[in-house]
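Observations on chain architecture
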Amino acid sequence: YKRQVSTQSTWGLPSSKVDFKDYYACPVYKTQERGPGFVCTAYLKSKAPTRKWIIGGVALIMDVAQS
């Protein structure tokens, strides 16, 4: 399942001021190849438990190859 997400504004906060309890630490990759294309971690607020996203292998992809 693939879904294209619109661009969103982001801002930074000191990690000491953020409660990561309801956030999924989502890996961001340059391409679908993952591995060496790792860019950063995006913390996504979620009502579902973190394990749901980990088991599902959820990641953000910056450039999807068109087939």
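In the block above lies the structure referred to throughout.
Counting of residues starts from 1 at the beginning of each chain's written sequence and follows it residue by residue. The model is predicted, so local features are restricted to residues of pLDDT at least 70 and side-chain atom pairs to those at 80 or more, both for listing and for counting; the totals for chains, interfaces and linings are taken over all residues. The basis for every side-chain value is the complete set of heavy atoms in the structure, and neither hydrogens nor water enter the calculation.

Strands here mean DSSP runs of E at least two residues long; helices mean DSSP runs of H or I at least four residues long; both are numbered from the N terminus. Counting its regular elements, the protein chain contains 1 helix and 3 strands. Across the protein chain, helices and strands are ordered from the amino to the carboxyl terminus as β-β-α-β. Residue contacts follow a heavy-atom distance rule, with two residues in contact if any of their heavy atoms lie within 4.5 Å. Within the protein chain, residue pairs in contact and separated by at least 24 positions form 46% of the contacts whose partners lie at least 6 positions apart. Element-wise, carbon and sulfur atoms account for 54% of the exposed surface of the protein chain, whose accessible area totals about 6,200 Å². Only the protein chains shown count as cover for residues, with accessible areas throughout obtained via the Shrake-Rupley method and a probe of 1.4 Å.

Let us now look at the environment of lysine 47. Within the fold, lysine 47 resides in the loop between strand S2 (38-45) and helix H1 (50-55). For the pair lysine 47 and tyrosine 23, spaced 24 residues apart in sequence, the C-alpha to C-alpha distance is 8.3 Å.

Our next topic: the packing of aromatic side chains. When the centres of two rings from Phe, Tyr and Trp lie within 6.5 Å, Trp using its six-membered ring, the rings pair. Their planes under 30 degrees apart give stacked, over 60 give edge-to-face, and anything left gives tilted. Counted according to the given criterion, the structure contains 3 aromatic pairs. Between phenylalanine 20 and tyrosine 43, the ring centres sit 4.6 Å apart and the planes meet at 50°, which makes this aromatic pair tilted. With phenylalanine 20 in the segment before strand S1 (23-29) and tyrosine 43 in strand S2, the pair connects residues that are 23 residues apart, well separated along the chain. Note on phenylalanine 20: relative accessible area 35%, which makes it partly exposed. Each residue is assigned to one of three classes by its accessible area relative to the maximum for its type, calculated with a 1.4 Å probe on protein chains only: buried under 20%, partly exposed between the two thresholds, exposed over 50%. Its relative accessible area of 45% is what places tyrosine 43 among the partly exposed residues.

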